[in-house]
Amino acid sequence: MRTWREMRGFPLAVQLLLVNQLGVNTGFYLLIPYLATHLGENLGMSAAVVGIVLGVRNLSQQGLFIIGGSAADRLGARGVIIAGCALRTVGFALFALGDGLPVLLAASVLSGLAGALFNPAVRAYLAQEAGERRAEAFALFNVFATTGALVGPLLGSALLLVDFRTSALTAAGIFAVLTVAQALVLPARKVEPSGSGVLGDWREVLGNRAFLAFSLAMVGMFTLENQLYLLLPDGAREATGWDGAAGIVFLVGTVANLAFQLRITGSLKSLEDRARWIAVGLAVMALAFLPPVLAPGAVPVLASALLLYLGIMIASPFVMELIPRFGRPELTGTYFGIFYVVSGVAAAVGNTVVGWAMDAGESAGRAWLPWVCCAVFGAASAGGIAWLRRRGALPAPAEPVREKADA
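Residues numbered from 1 in each chain as written. Predicted model: local features only at pLDDT ≥ 70, side-chain atom pairs only at ≥ 80, totals over all residues. Heavy atoms only, no water.

Looking at the nonpolar core
We apply this condition: Only buried residues count toward a nonpolar core. Its members are Ala, Val, Leu, Ile, Met, Phe, Trp, Tyr and Cys residues joined through side-chain atoms within 4.5 Å. Summary of the burial criterion: residues with accessible area below 20% of their type's maximum are buried, those above 50% are exposed, and those between are partly exposed, where the area comes from a 1.4 Å probe applied to protein chains only. Secondary structure elements follow DSSP: runs of H or I no shorter than four residues count as helices, runs of E no shorter than two count as strands, and numbering proceeds from the N terminus.
Phe 214, Met 218, Phe 339 and Ile 385 are the most contacted members of the largest nonpolar core, which has 117 residues in total. With 13 residues, the single largest contributor to this core is helix α7 (residues 101-130).

Brief notes about helix α5 (residues 65-75)
Stated formally: Only heavy atoms matter for contacts: two residues are in contact if any of them lie within 4.5 Å across the pair.
Counting buried positions over the eleven residues of α5 gives eight, a clear majority of the element. Residues of α5 that are buried in the fold lie against α4 (47-62), α6 (77-97), α7, α10 (198-206) and α18 (332-364). Count one or two residues on from α5 and you reach Gly 76, which has phi positive near 100°.

With respect to the packing of helix α13 (residues 231-240) against helix α17 (residues 298-322)
Put simply, the test is: Angles run from 0 to 180 degrees between N-to-C directions of axes, and those axes are lines fitted to C-alpha atoms, restricted for helices to the stretch in contact. Under this scheme an angle from 65 to 115 degrees is roughly perpendicular, one under 35 degrees roughly parallel, and one over 145 degrees roughly antiparallel; angles in between are oblique. Should the near helix be turned counterclockwise from the far one by less than a right angle, the crossing is left-handed, whereas a clockwise turn marks it as right-handed. Lys, Arg, Asp and Glu make up the charged group, whereas Ala, Val, Leu, Ile, Met, Phe, Trp, Tyr, Cys and Pro make up the nonpolar group; the residues left over, Gly among them, are polar.
At their nearest, the axes of α13 and α17 sit 8 Å apart, and the two run at 160° to each other. Comparing their axes, α17 and α13 come out roughly antiparallel. For the crossing formed where α13 meets α17, the hand is left-handed. In contact with Leu 232, Gly 235, Ala 236, Ala 239 and Thr 240 of α13, α17 contributes Ala 298, Val 301, Ser 304, Ala 305 and Leu 308. The residue inventory of the contact of α13 with α17, partitioned by class, reads seven nonpolar, three polar and no charged.

Observations regarding a nonpolar patch on the surface
Stated precisely, the cut-off is as follows: Think of a patch as exposed residues, more than 30% relative accessible area, with no salt bridge, where like charges cluster within 9 Å and nonpolar side chains (Val, Leu, Ile, Met, Phe, Trp, Tyr) cluster within 5 Å. Computed with a 1.4 Å probe, the accessible areas rest on the Shrake-Rupley method; for each residue, only the protein chains presented here act as cover. Note on definitions: salt bridges are taken to be side-chain nitrogens of Lys or Arg within 4 Å of carboxyl oxygens of Asp or Glu.
Where nonpolar side chains cluster on the molecular surface, the patch consists of Trp 242, Ile 248, Leu 251, Val 255 and Leu 302 and spans about 430 Å² of accessible area. A total of three residues in the nonpolar patch trace back to one element, the largest contributor, which is helix α14 (residues 245-269). If you trace the backbone, Leu 251 turns up in helix α14.

Re the environment of Asn 42
Keep this limit in mind: By the criterion applied in these results, polar contacts are pairs of N or O atoms within 3.5 Å in which, for protein atoms, one can donate a hydrogen and the other can accept it, and in which residues neighboring in sequence qualify only through two side-chain atoms.
Residue placement: Asn 42 occurs in helix α3 (residues 35-42). A relative accessible area of 52% places Asn 42 in the exposed class. Considered as a pair, Asn 42 and Asp 99 are 57 residues apart in the sequence and their alpha carbons are 9.7 Å apart. Those residues in contact with Asn 42, other than ones at most four positions away along the chain, are Thr 37 and Phe 164. A polar atom in the side chain of Asn 42 sits 3.0 Å from the side chain of His 38.

Describing the environment of Ala 239
Residue placement: Ala 239 occurs in helix α13. You can call Ala 239 partly exposed: its relative accessible area is 33%. Separated by 125 residues in sequence, Ala 239 and Ala 364 have C-alpha atoms that sit 18 Å apart. When near neighbours in sequence (up to four residues on either side) are disregarded, Ala 239 contacts Gly 297 and Ala 298.

Observations concerning the side chain of Ser 381
As for its position among the elements, Ser 381 is in helix α19 (residues 369-390). Taking relative accessible area as the criterion, Ser 381 reaches 4% and is therefore assigned buried. At 2.6 Å, the side chain of Ser 381 and the backbone oxygen of Ala 217 are in polar contact. With near-sequence residues (within four places) excluded, Ser 381 lies in contact with Ala 217, Met 218, Val 219, Gly 220, Met 221 and Leu 282.

A word on the packing of helix α2 (residues 12-29) against helix α9 (residues 164-185)
At their nearest, the axes of α2 and α9 sit 9 Å apart, and the two run at 170° to each other. Judged on the interaxial angle alone, α9 and α2 are roughly antiparallel. Listed contacts from α9 to Leu 12, Leu 16, Asn 20, Gly 23, Val 24, Thr 26, Gly 27 and Phe 28 of α2 are Ala 171, Ile 174, Phe 175, Leu 178, Ala 181, Gln 182 and Val 185. For the contact of α2 with α9, the per-class residue count stands at ten nonpolar, five polar and no charged.

Concerning α4
Put simply, the rule is: The span you would expect from a helix comes to 1.5 Å times its residue count less one. Working note: the arc is built from the helix axis to C-beta atom directions.
For α4, which comprises 16 residues, the first-to-last C-alpha distance of 22 Å matches the rise-based estimate of 22 Å (1.5 Å per residue) to within 8%. Residues of α4 that are buried: Val 50, Val 53, Arg 57, Ser 60 and Gln 61. Looking down the long axis of α4, one finds its buried residues gathered within 110° of arc, a one-sided arrangement. α4 presents Ala 47, Ala 48 and Leu 59 as exposed residues on the side facing more than 90 degrees away from its buried surface. The elements touched by buried residues of α4 are α2, α3, α5, α6 and α7.

Okay, here's the thing in structure tokens:
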């Protein structure tokens, strides 16, 4: 299989990080999608309390990405990755062992902080280890992540036939194994000092206008990606009347990812204008939400899912490749951290808007409303990237850009 051949062409550290992402997504998705049901039905908590527990986890992760990124730059990505996985082991184990609100809140904070630590650190380490093959490395990263996002819920559904505690302990066990593997295999790298304090690093990154403009232009991508867990599963259930139809959406995406991700990235990488392909990918993501508008039924929803995954496959590896090139190599983690803070806020706001459109469309008999809303989000992002490209505000793939304050 081409995926394995490509994987073997990278250093052992990169190979481990790819398998690590498969494990991270498997462990995460076998537990988190079922947490709300456990808190409400098994523990009898009110919807408000459930919302607090889930919100604390999300806030702990999305709001602290910048901390994880800075820690990776200053302490070394290896240690931060290991610490993040160890914290998530503890956090998920607490979900299994504790029923009281204080313990559950602690579990939420720890599991969220864990994600804030290892997510930017993994990407910074991968970018550094892959060198000029970053695009291919991040394409493989997408393949393993997508596969984990499919395997996780399936495994979680099976484990829930036993009980939630078994599911949570299994998730904790996966992260424990990953922690040990990282400690044994990931080599430590010398950390180059950035030349300023943490606040100075943040000021440098936040003062990079080109990077901030790029991050804001990518808001549509993360909003639309999140519809794989909101609008598309809802559309599949509505079209078929079957709750399990949501799983078909993920299956379509995983099969497409395994079949086409490396081919797409390999073909487009030879064309140096990566920014154009990021814009094209976003435009495809926007178009993905039009089939259910044009015709009702399950087939348009699956076509929508396939097009959405195709757009992600086109754009995402080049987005990840581009981020470190906006600034100094010593601040790679900080750039990823701030980028993911922006994406987290974007996903939260975007999901709120799409959720409102779903409710408004249902009450007004306009089922097309949330789909058109998503298409607009994607078109706006594609237009934003195209505008930045025309202005020359985006770094070329061959060499890093220090700063473009006039962007």
